[in-house]
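# Inside the fold
Residue strings, one per chain:
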Amino acid sequence: MKQLRVSVLVGLFAAAGVLSWAGARLWDSVGTLPKVPVAAPIVLAVIAVVLAATALSLRARLRAQRERRPGAKGVDPLVAARAVVFGQASALVAALVAGMYGGTGVFLWMDGLDVTARRDQAIYAGASVVAGICVVAAAFFMERVCRLPDDDDDDAGGGAARA
């Protein structure tokens, strides 16, 4: 499984932001603007909290398993792999959504925040970007927690080749 790359997430964020900004400009020329839902930052924040809580839980269980504490509940490798995949997928979607709302927010900010409704929309868009960044950070934390330790004593040929 490949690790998340910051460059991919930044590229996705930037591409979505530019397209969203251009779309908002086009949509505004018609006379309306798509609304940023109030629930957008809330949903992203809930996803970030779920990712962080899962990562903290797995970290505690893995630490107890490593220290061989009596009664320690182990972590199934498939559960850890699923958690990492959930984190990676969430980070990719969050980068896309944050870029989309970021582009809309930039358009609203450049257009002027004199109207209360547009100012509220810009605040919701900014909160969505911040929540999206939190999702990405939680996904990186999840990856770090579930990363396998490096096996230093196993060479490229493997143990079977030496026998």
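Here's a quick rundown of the structure.

Rules and cut-offs
Residues numbered from 1 in each chain as written. Predicted model: local features only at pLDDT ≥ 70, side-chain atom pairs only at ≥ 80, totals over all residues. Heavy atoms only, no water. Core = buried A, V, L, I, M, F, W, Y, C linked by side-chain atoms within 4.5 Å. Buried < 20%, exposed > 50% of the residue type's maximum accessible area, 1.4 Å probe, protein only. Helix = DSSP H or I, 4+ residues; strand = E, 2+ residues; numbered from the N terminus. Contact = heavy atoms within 4.5 Å. Axes fitted to C-alpha atoms, helices over the stretch in contact; angles between N-to-C directions. Parallel < 35°, antiparallel > 145°, perpendicular 65-115°, else oblique. Left-handed = near helix turned anticlockwise from the far one by under 90°. Nonpolar A, V, L, I, M, F, W, Y, C, P; charged D, E, K, R; others polar. Expected span 1.5 Å × (residues − 1).

## Quick look at the nonpolar core
Within the largest apolar cluster, 22 residues are counted, with the highest numbers of intra-cluster contacts made by Leu-51, Leu-58, Ala-91, Val-135, Met-142 and Cys-146. It is helix α4 (residues 116–146) that contributes the most residues to this core, 8 residues altogether. Setting aside anything within four residues of it in sequence, one finds Ala-91 in contact with Leu-4, Leu-9, Val-135, Val-136 and Ala-139. In terms of nonpolar packing, the next biggest core, distinct from the first, is built from 5 residues, Ala-24, Leu-33, Phe-107 and Leu-108 among them.

## Observations concerning the packing of helix α1 (residues 6–30) against helix α3 (residues 77–111)
Each pair of packed helices can be described by the angle between their axes along with the distance between the axes. In contact at an axis separation of 7 Å, α1 and α3 are set at 40° when each is read in the N-to-C sense. Between α1 and α3, the angle falls in the class oblique. Regarding α1 and α3, the two cross each other, and that crossing is right-handed. The class makeup of the residues in the contact of α1 with α3 is 16 nonpolar, 5 polar and 3 charged.

## Brief notes about α3
Between its first and last C-alpha, α3 extends 50 Å over 35 residues, near the 51 Å set by a 1.5 Å rise per residue. Looking one or two residues beyond α3, the residue adopting positive phi is Gly-112, at roughly 115°.

## A short note on helix α2 (residues 39–66)
When the terminal C-alpha atoms of α2 are compared, their 40 Å separation across 28 residues agrees well with the 40 Å that a helix rising 1.5 Å per residue should span. Among the residues of α2, Ala-40, Pro-41, Leu-44, Ala-48, Leu-51, Ala-55, Leu-58 and Ala-64 are the ones counted as buried. Considering only its buried residues, α2 is in contact with α3 and α4. One or two steps after α2, the chain reaches Arg-68, where phi turns positive at roughly 55°.

## Here we look at the environment of Leu-92
Within the fold, Leu-92 resides in helix α3. Classification of Leu-92 by relative accessible area gives partly exposed; the value is 37%. C-alpha of Leu-92 to C-alpha of Leu-4: the two residues are 88 residues apart in sequence and 8.8 Å apart in space. Apart from residues lying up to four places away in sequence, Leu-92 is in contact with Val-8, Leu-9 and Leu-12.

## Some thoughts on the packing of α3 against α4
Two elements in contact, α3 and α4, have axes separated by 7 Å at closest approach and are oriented at 155°. For the element pair α3 / α4, the angle class is roughly antiparallel. α3 and α4 meet at a crossing whose hand is left-handed. Residue composition of the contact of α3 with α4, grouped by class: 17 nonpolar, 8 polar and 3 charged.

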